[in-house]
Amino acid sequence: MRLGGFWGLMAAALLAGLAFAALTNNEYYFFAAYAILQALIMAIAWNILGGFTGYVNFGSAGFFAVGAYSTVALHKFLPSIGIDAPLFVHVLAGAVVCGLIGLGTGYLTLRLRGVYFAIATLALAIVGQTFMNNWGYVGAAKGTSILTPDPPQLFWGYVSFSSYVKYLFVVMLLLSLMAIVISRYIATSRFGRGLAAIRDDELAAECMGVPTLRLKLISATVMGALMGVAGAPYPFMVTFVDPQSAFSLVIAVNSIAMPMIGGTAYWYGPVVGALLLGTAQEVLSVTISSELNVFLVGVVLVGCVILAPRGLVGLVNDMRAKAKRHG
Amino acid sequence: MAERILSVKALTKRFGGFVALDCVDLQLDEGERLGLIGPNGSGKTTMINCISGALLCDQGTIIFKGADITRLAAHRRTRRGIVRSFQIPRPFRTMTILQNLMVPMEYAVAPGARGGDLETEARDILDVVGFRGRANDNSGRLTQVDMRKLELARALAAKPRLLISDEAMAGLSSSEVDEILDILFKLNGRGVAVIMIEHIMRAVFRFSERVVVLDAGRKIAEGTPAQIVKDPLVERAYLGV
Amino acid sequence: MTGAATTVITDPGLFLNAVVAGLLLGGFYAAVALGLSVAFGQLDIVNIAHPAFIIVGSYFAYLFGARYGFDPVITGILLTPVFFVLGMAVYSIYYASFERTGQESLSGLAFFFGLMFIIEVTLIMIYGVDYRLVSAPYIGVNWKIGVVDFPLRMAIPFVVSMLMTIGLYFYLSKTFIGRAILAVSQDRQALQLMGADPVKIKQVAFGLALATASIAGALLIVIGPVEPSINREYIGRAFAIVVLGGMGSIAGTVLAAFILGIAESFVLTYASPSWAPAVAFGILLFTLAVRPSGILGRPS
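Remember, predicted model here, so these are calculated numbers, not experimental data.

A. Quick look at unusual backbone geometry. Residues other than glycine seldom take positive phi values, yet Ala10 of chain B does so here, at roughly 55°. As for its position among the elements, Ala10 of chain B is in strand E1 (residues 4-15). Looking at Ala10 of chain B, the number of C-beta atoms within 10 Å reads 13, which means it is partly exposed. Although it is not a glycine, Asp44 of chain C sits at a positive phi angle of roughly 60°. For Asp44 of chain C, the location among the structural elements is in the loop between helix H2 (12-42) and helix H3 (50-68).

B. Highlighting the interface of chain C and chain A. Contact with chain C, which involves 35 residues of that partner, is made by 34 residues of chain A. Secondary-structure elements contributing two or more residues to the side of chain C that touches chain A are helix H5 (80-99), helix H6 (104-127), helix H11 (230-245) and helix H13 (276-290) of chain C. Per-element tally for the side of chain C that touches chain A: the top contributor is H6 of chain C, with 15 residues.

C. Highlighting the pairing of strand E9 (residues 210-215) of chain B. Residue and element names in this part refer to chain B. Two elements, strand E3 (residues 33-37) and E9, share 4 bridges in a ladder whose sense is parallel. Its bridge partner lying in E9, Leu34 is registered against Arg210. Hairpin remark: E9 followed by strand E10 (residues 218-223), antiparallel, with 2 residues in the connecting loop; positive phi at Ala216, about 50°.

D. Local environment of the sheet that holds strand E7 (residues 162-166) of chain B. Residues and elements named next belong to chain B. Sheet architecture is open: 6 strands sit in the order E6-E7-E8-E3-E9-E10, paired in mixed fashion. The sheet is open, and its two edges are formed by strand E6 (82-84) and E10, each paired on a single side. Recorded for the sheet is a direction-independent mean angle of 20° between the axes of neighbouring strands. Pairing analysis gives 5 bridges linking E7 to strand E8 (residues 193-197), with the strands arranged parallel. Residue pairing across strands places Asp166 opposite Ile197, the latter belonging to E8. Sheet contacts for helix H1 (residues 44-52): E3, E6, E7, E8 and E9; angle to E7, the most-contacted strand, approximately 150°.

E. The interface of chain B and chain A, seen in detail. With 21 residues of chain B at the contact, the number on the chain A side is 18 residues. In terms of residues, the side of chain B that touches chain A owes the most to one element, helix H3 (residues 97-107) of chain B, which gives 5 residues.

What counts, and at which threshold
Residues numbered from 1 in each chain as written. Chains lettered and ligands numbered in written order. Predicted model: local features only at pLDDT ≥ 70, side-chain atom pairs only at ≥ 80, totals over all residues. Helix = DSSP H or I, 4+ residues; strand = E, 2+ residues; numbered from the N terminus. Buried ≥ 20, exposed ≤ 12 C-beta atoms within 10 Å, placed from the backbone. Contact = placed C-beta atoms within 7 Å. Pairing = 2+ DSSP bridges. Axes fitted to C-alpha atoms, helices over the stretch in contact; angles between N-to-C directions.

Shown next, in the form of structure tokens:
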């Protein structure tokens with residue numbers, strides 16, 4: 001996609017989203033759209049380390065939950081010292097905390113085989129949940145409630161929102177577009193080409209001058225930070241956070257399924273996967289239980305991995321290549 | 001008088017209880033062509049793994065262009081000019097041939113030394129190995145000899161001062177061997193020192209100015225090809241008599 | 001730490017009980033990790049769904065106990081052929097989809113991850129999230145030797161687990177197929193030259209690995225009630241044991257299982273039970289940071 005076309009698409013998406021926000025007041029749509037955008041950011045984040053670099057993260061739910069809980073903790077702590085922080089402070093805090101966790105986990109395990117990193121992230125998510133189950137400050141296993149703030153007035157009152165949910169949707173829209181821009185930038189940059197070399201053959205990459213450890217650590221940090229960004233506004237949306245829901249199975253399986261279904265080698269793969277799968281899940285969620293939801297995603301993931309390992313985008317590319325050869 | 005480019009002293013590498021390299025010395029001058037031979041399991045690949053940094057040696061020193069690189073990370077050694085090709089080719093399979101070359105061109109070469117137009121440079125290299133017009137071919141499905149050529153092309157793209165070629169000709173036909181040899185001579189003509197590891201003796205003897213022989217982790221002989229051919233120790237190592 | 005030290009001196013009974021409980025627990029953990037030790041240690045297959053299969057074994061034991069009154073251990077042993085065949089089938093899919101094309105790393109991991117989810121939520125859909133347990137004559141019985149407790153619900157699984165481990169160890173080292181399994185991880189080509197088909201050998205190996213899950217699952221539900229999400233706790237434990245013990249070493253697996261058992265027992269006794277899942281993770285991280293090849297593994 002050429003640069004002009006890309007920015008045009010981003011602008012169009014932004015305008016469409018804003019128009020949508022201005023034209024309707026049905027809260028349900030905003031909840032659904034928020035959920036899809038949240039999944040989109042998680043899928044894009046996962047793919048930076050998973051699809052671009054080839055290191056699988058099984059603990060996405062852990063990163064997400066830590067982002068959410070950093071908001072919970074800060075939201076309790078800052079007012080106690082007299083600070084009333086706007087949303088972007090929480091988003092920034094989530095990014096920093098989770099970025100550091102990504103860096104730390106990476107530093108401990110990315111010098112070994114990718115398998116050990118995957119296992120370590122899974123164990124990390126479980127330990128994170130254990131920790132939150134025990135941390136009284138954020139409500140431990142029983143969870144904690146967050147009061148919905150008033151919708152903010154921005155730009156000296158010129159921009160206001162009729163509900164906080166609408167505001168969160170717009171924030172999430174902006175964050176999603178930012179994630180897409182970051183992901184595309186990485187994919188088309190020298191950094192991204194280095195990551196692809198690591199993914200294809202790490203030893204050869206190292207011997208061709210790629211500083212593999214450094215690039216892997218940066219990739220893990222970016223992934224962590226973006227997942228923290230996805231999780232940070234979550235408490236304000238759902239108003240009640242407990243470890244069971246924050247470290248959710250659905251988030252864990254979606255973060256892997258969406259990029260794989262879309263196609264991990266391309267920056268737009270996770271976008272395709274998230275939009276398709278996320279929308280399907282929102283449509284079906286009124287009719288099926290959340291367990292059946294996870295079951296179906298699991299089946300789709302396994303089926304996709306067996307039958308279409310390069311995802312939908314890969315399939316389409318293969319068909320086009322075949323058509324070119326025969327045409 | 002050519003300068004010493006590589007000086008390896010007392011290189012030792014163990015894998016658990018197994019001693020793969022036992023106190024091996026190796027010197028190389030700029031632009032020199034060295035053949036490294038020895039029976040299977042004698043430690044040749046381990047040696048280049050240690051020199052290139054894929055492995056860290058247990059004992060010994062490696063001095064390259066006057067600097068001690070013994071504990072330097074592999075990618076830093078590549079940037080200084082030590083480039084190796086792999087015995088079993090390791091292309092970046094999801095990339096085209098051109099993209100394969102871009103990786104070393106963007107990472108192995110210092111920013112200041114990068115040519116203005118990377119693509120032109122890449123096509124020059126492709127010409128050297130005989131890949132003209134194939135820049136956009138997918139690298140995942142190449143013939144054996146083409147994969148070897150890609151290995152060498154990629155090594156070239158890294159602007160080496162020293163190229164270590166690990167059995168680039170194994171399993172190739174006679175004319176294919178000559179093609180690879182041709183590329184290596186062209187490289188050497190540009191001033192690149194080459195260490196060639198091979199089992200195909202006619203290639204080794206045609207190419208090398210000097211030959212080093214390893215057996216069971218030790219250097220057992222060193223000299224011109226003519227001297228090596230007559231060395232009884234070498235004969236015993238290969239024939240086991 | 002002096003607090004704990006004085007507790008040992010003032011209450012040696014507590015200390016001794018913690019050690020014994022740890023050993024009994026560790027013995028059981030060996031059964032959990034055994035299948036993974038074969039799959040990951042010998043075949044380099046990262047089967048993170050292994051604990052999920054163990055839970056399936058637990059639910060079978062529950063089902064057969066509730067319906068037909070079978071003793072759980074009997075169920076576990078009876079169903080090993082079923083799990084064995086299942087293991088061969090899963091490996092065939094894995095091989096055809098990933099190993100043959102060389103894409104094990106990302107796709108293989110995602111495959112087992114998806115499988116784990118499918119298993120867990122299927123169990124939730126059928127049985128819900130309530131804890132299930134079995135009854136057996138030895139559950140609830142406690143032997144007391146001196147000041148030390150030997151609850152039979154821990155001791156019986158310990159014995160069964162040790163028997164299974166020793167049985168598998170001798171199978172792998174003494175029989176032709178067993179030695180072929182050990183060989184296939186080291187030298188595929190030599191195996192082919194000897195006339196054994198590496199793929200079939202690996203199929204048998206993976207079948208064996210999953211067969212152990214049948215018994216391990218039965219033992220698990222003897223020790224305590226189960227519910228579907230427990231499988232994720234055991235992923236950390238199983239991998240911690242296999243990594244700590246050293247890849248490919250059954251003796252290492254057993255040793256590491258005991259270490260983990262004792263470590264958890266001490267945390268349970270002297271600290272708080274809600275931190276138990278973190279012990280395995282800590283051990284895993286520590287091992288990866290300090291000596292990734294494990295205690296009895298070969299350093300690479």
